[in-house]
2 protein chains.
Amino acid sequence: MLKHFEVSDEIAVRVPLPALRTTTEAIFMKCDVPEDQAQLGADVLLYADLLGVDTHGVSNMLRAYVQDYKNLALNPTPKWRVVKETPTTAVLDGDRGLGLMITPKAMEICIEKARKYGTSVVVIRNSGHLGAAGYHAVMAAKQDMIGWCMTGGGNSLIPTFGAEPRLGTNPIAVAVPAGKQPMFIFDAAMTTIAGNKIGLACRNGKKLLPGWVAKKDGTPDMEGGAAAEFTPGTLRMQLPLGSTRELGSHKGYSLAAIVDILCGQLSFASGFSTLASDRRGHFVAAYDIAAFGEVDEFKANMDGMLEGFQRTKPAPGHERVIYAGLSEYETEIDRRKNGIPLHPEVVSWFKGICAEFSIPWNLTKQV
Amino acid sequence: MLKHFEVSDEIAVRVPLPALRTTTEAIFMKCDVPEDQAQLGADVLLYADLLGVDTHGVSNMLRAYVQDYKNLALNPTPKWRVVKETPTTAVLDGDRGLGLMITPKAMEICIEKARKYGTSVVVIRNSGHLGAAGYHAVMAAKQDMIGWCMTGGGNSLIPTFGAEPRLGTNPIAVAVPAGKQPMFIFDAAMTTIAGNKIGLACRNGKKLLPGWVAKKDGTPDMEGGAAAEFTPGTLRMQLPLGSTRELGSHKGYSLAAIVDILCGQLSFASGFSTLASDRRGHFVAAYDIAAFGEVDEFKANMDGMLEGFQRTKPAPGHERVIYAGLSEYETEIDRRKNGIPLHPEVVSWFKGICAEFSIPWNLTKQV
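The shown structure was predicted, so the numbers you read here are calculated from the model rather than taken from an experiment. (Residues numbered from 1 in each chain as written. Chains lettered and ligands numbered in written order. Predicted model: local features only at pLDDT ≥ 70, side-chain atom pairs only at ≥ 80, totals over all residues. Heavy atoms only, no water.)

1. Some remarks on the side chain of Thr-244 of chain B
All names here are of chain B. Locating Thr-244 in the fold gives a position in the loop between β9 (234–235) and α7 (249–265). What makes Thr-244 buried here is its relative accessible area of 11%. Look past the residues within four positions of Thr-244 in its chain and what remains in contact with it is Pro-220, Met-222 and Ser-249. (Helix = DSSP H or I, 4+ residues; strand = E, 2+ residues; numbered from the N terminus. Buried < 20%, exposed > 50% of the residue type's maximum accessible area, 1.4 Å probe, protein only. Contact = heavy atoms within 4.5 Å.)

In structure tokens:
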């Protein structure tokens, strides 16, 4: 389970973005990742940090990647290749490279094909973690396309009525450009909550809320109050979005299955036919808006819809109604100006790895 | 609100499929629908009845369509046309025809394009209800493609933290072919439960379960026990899949928004920029499996996955773990053999409309 540290204003250290970027790139390069790939990997990680998706930024993920480079699970200089290709599709083999770098390459191919033919789907097998799926979806949205990215595999989610995990948290990310409004960016796991939140609760000794996990026998825990660990060292099984059959968990389970199919079966990645726990596949798609109509009209219509969501009368206790991507947009403005908040433990990890890798220490200067 | 009658074995009349098909086709034709279109419309309706999706079969929907033909809301002889087209995309204008007949046409175009180029997306504006979205997705799956169909519009779902409805129930259907196993068919609304279940509870005077609807002020009703009607004649607002923010309702809300965007914004249908309650758009997509690899290998891998789901140890109180499409497959076998169960009220409606339209009565003979 990857580490996660919740950042609170009391204890967070604000680190300037450029220094964090330089340091992250240097760490990748010390793992033998070529400079341009290191820059790309850092960009994907810092996208998450900028938008406030701290679970997928430098705090949690970088140390996991370094560990996997060290133990040779990841190939720092992959020779990725196109295994199969048609006018609008491609299947890539990532040669055990990190998904952070191969997925943007897949999305570039996808965008080029969608520009030419209207739509495109590119899938990736034999590749590591892709970071925040939203990063790759946004690449297409910036090109006036609807962008889509998913990653499937792993066993942490139990099917409805099941007592054993069979699917990963299997996030779906979709990005849609707008005009004046910040773009719509959805990026979420098909479990009730993100996997890292279970890990966080475990380390903090916090009890879990109702609807997040299953009891030992598979029954959804709707009372809450359970410890995150099932047995020492084993975290509890997560429930699909919907939690119980009555609340629609068969929908979360099925959506997670669709992610597994599109990422893993369509890329013919290994382990998907047996639901092996270490299976992994990625999926990106792009739909060129110009193939359907006028881009400016589409964006103006999107503005109207997104403004409509925001004009919705809020329920008591809530200041406003937002849409996916809006609070992330606001967080990005704050963090670009005021720096990325890091937990002191994360700063300490950076200090240690910089010393180990003989990288100049530049994260002391706060914004 | 459309009528729905839950079928129980005690009171259901089993009607043979061929007789029900003939009668349904005749009713469409009496509404001035041409014969081939009437046959297609009946096929889409009976798909739902065969699979046990009674909310979208003849019981609920046919009378609504007849009403809309009578009041000229629907055009029985639409001149649908391709408004815009690229190698892999098309935008159709349905000329106020029923979605039941235009959506299969859209999927035919989609399949042809996907066969040639690998992937395709076709969207439809200015068209009525499309029946069970799964029907159209399955068309592609039968051609060894991953099929996808969605329909967006209407206001019955309240956004997370909101107190007013902004989105429809916005179902997503995805069909994936397998080998020996029944194909995977997901078809579900992005609200906690289907809209018709609220209407059913209303007519039966049943109380609602926790997590299905919002209280008057928008707060999710997690206690349950509310009446389905908010004020006389107005049904309660539905919660997104996830019910509350803590249980992930922002995911259901965002998925419903994505459906609205892909169906309505991408088809440039009217009313989507203002979230008008009578807006409607449809979306179909097909991904040709042969564009990604060997179809037989894909199907064998799918079999492995689907068998894996079924081999999952069940939680206490449950006999087995299933996947989307499996119980529908079993229902279809039963209903093809033993007939379609209809509530006596539905048989009575058929009797009345057959008398009105001078259609020979053939639903008496039971299986």
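Here the narrative resumes.
2. Some details on the confidence of the model for chain A
Residue and element names in this part refer to chain A. Of the residues in chain A, 96% reach a pLDDT of 70 or more, and the chain-wide mean stands at 94. When the criterion is pLDDT under 50, residues 1–5 qualifies, and its contacts beyond four places in sequence or with other chains add up to 23 contacts. Here the predicted complex carries an ipTM of 0.96, next to a pTM of 0.96. (pLDDT = per-residue confidence, 0-100.)

3. Let's talk about the sheet that holds strand β5 (residues 145–152) of chain B
Residues and elements named next belong to chain B. What the 7 strands build is an open sheet, ordered β2-β3-β4-β10-β5-β6-β7; its pairing is mixed. Single-partner strands in this sheet number two, and they are β2 (81–85) and β7 (184–188). Each adjacent strand pair in this sheet contributes to an overall mean axis angle of 15 degrees, direction not counted. Relative to strand β6 (residues 172–176), β5 is paired through 4 bridges, and the arrangement is antiparallel. Looking at β6, one finds that Gly-147 is bridged to Ala-175. Where α7 meets the sheet, its contacts fall on β4 (119–127), β5, β6 and β10 (281–288), and the angle it forms with β5 comes to roughly 95 degrees. (Pairing = 2+ DSSP bridges. Axes fitted to C-alpha atoms, helices over the stretch in contact; angles between N-to-C directions.)

4. Observations concerning the sheet that holds strand β2 (residues 81–85) of chain A
Remark on secondary structure: sheet strands pair via backbone hydrogen bonds, oriented parallel or antiparallel. All names here are of chain A. Strand order across the open sheet formed by 7 strands is β2-β3-β4-β10-β5-β6-β7, with mixed pairing between neighbours. Each end of this open sheet is capped by a strand with a single partner; those strands are β2 and β7 (184–188). Along the sheet, successive strands turn relative to each other by an average axial angle of 15 degrees, direction set aside. Seen against the sheet, helix α5 (residues 133–141) touches β5 (145–152), β6 (172–176), β7 and β10 (281–288) and runs at an angle of roughly 160 degrees to β5.

5. Comments concerning the relation of the copies chain A and chain B
Each copy superposes on the other: chain A lies on chain B with an RMSD of 0.0 Å after a rotation of 180 degrees and an axial shift of 0.0 Å. The superposition of one copy onto the other is thereby described by a two-fold rotation axis. Rotation axis and chain A: the residue whose C-alpha lies nearest the axis is Gly-242 of chain A, separated from it by 2.4 Å. Of the residues that chain A buries at the interface, 100% are likewise interface residues in chain B, meaning the two copies contact each other through the same surface. (Least-squares fit on C-alpha atoms with pLDDT ≥ 70 in both.)

6. Focus: the packing of helix α2 (residues 35–51) of chain A against helix α9 (residues 326–338) of chain A
All names here are of chain A. Interaxial distance between α2 and α9 falls to 7 Å at its minimum, and their mutual angle equals 100 degrees. Relative to α9, the element α2 is oriented roughly perpendicular. Residues Asp-49, Leu-50 and Leu-51 of α2 form the contact with α9, whose participating residues are Glu-328, Thr-331, Glu-332, Arg-335 and Arg-336. Its residues assigned to classes, the contact of α2 with α9 comprises 2 nonpolar, 1 polar and 5 charged. (Parallel < 35°, antiparallel > 145°, perpendicular 65-115°, else oblique. Nonpolar A, V, L, I, M, F, W, Y, C, P; charged D, E, K, R; others polar.)

7. A word on the state of the cysteines
A covalent bond bridging the sulfur atoms of two cysteines is what the word disulfide describes. Residue and element names in this part refer to chain B. For the coordinates displayed, the defined rule picks out 0 disulfides over all chains. Here Cys-31 is not disulfide-linked; the sulfur of Cys-354 is the nearest cysteine sulfur, at 11 Å. For Cys-31, a relative accessible area of 9% gives the class buried. As a non-bridged cysteine, Cys-263 has Cys-149 as the owner of its nearest cysteine sulfur, 7.5 Å distant. (Disulfide = S-S within 2.5 Å.)

8. Some thoughts on the packing of aromatic side chains
Scanning all chains against the criterion turns up 16 aromatic pairs over all chains. The interplanar angle of 70 degrees and the centroid separation of 4.7 Å between the aromatic rings of Trp-148 of chain A and Phe-283 of chain A together place this pair among those described as edge-to-face. In this pair, Trp-148 of chain A is assigned in strand β5 and Phe-283 of chain A in strand β10, connecting sequence segments 135 residues apart. What makes Trp-148 of chain A buried here is its relative accessible area of 9%. Aromatic ring contacts, followed pair by pair, group Trp-148, Phe-283 and Tyr-287 of chain A together with Trp-148, Phe-283 and Tyr-287 of chain B into a single cluster. Over the aromatic face of Phe-272 of chain A sits the side chain of Arg-279 of chain A, whose NZ or CZ is 5.3 Å from the ring centroid. (Phe/Tyr/Trp six-rings, centres within 6.5 Å; stacked < 30°, edge-to-face > 60°. Lys NZ or Arg CZ within 6 Å of the ring centre and 35° of its normal.)

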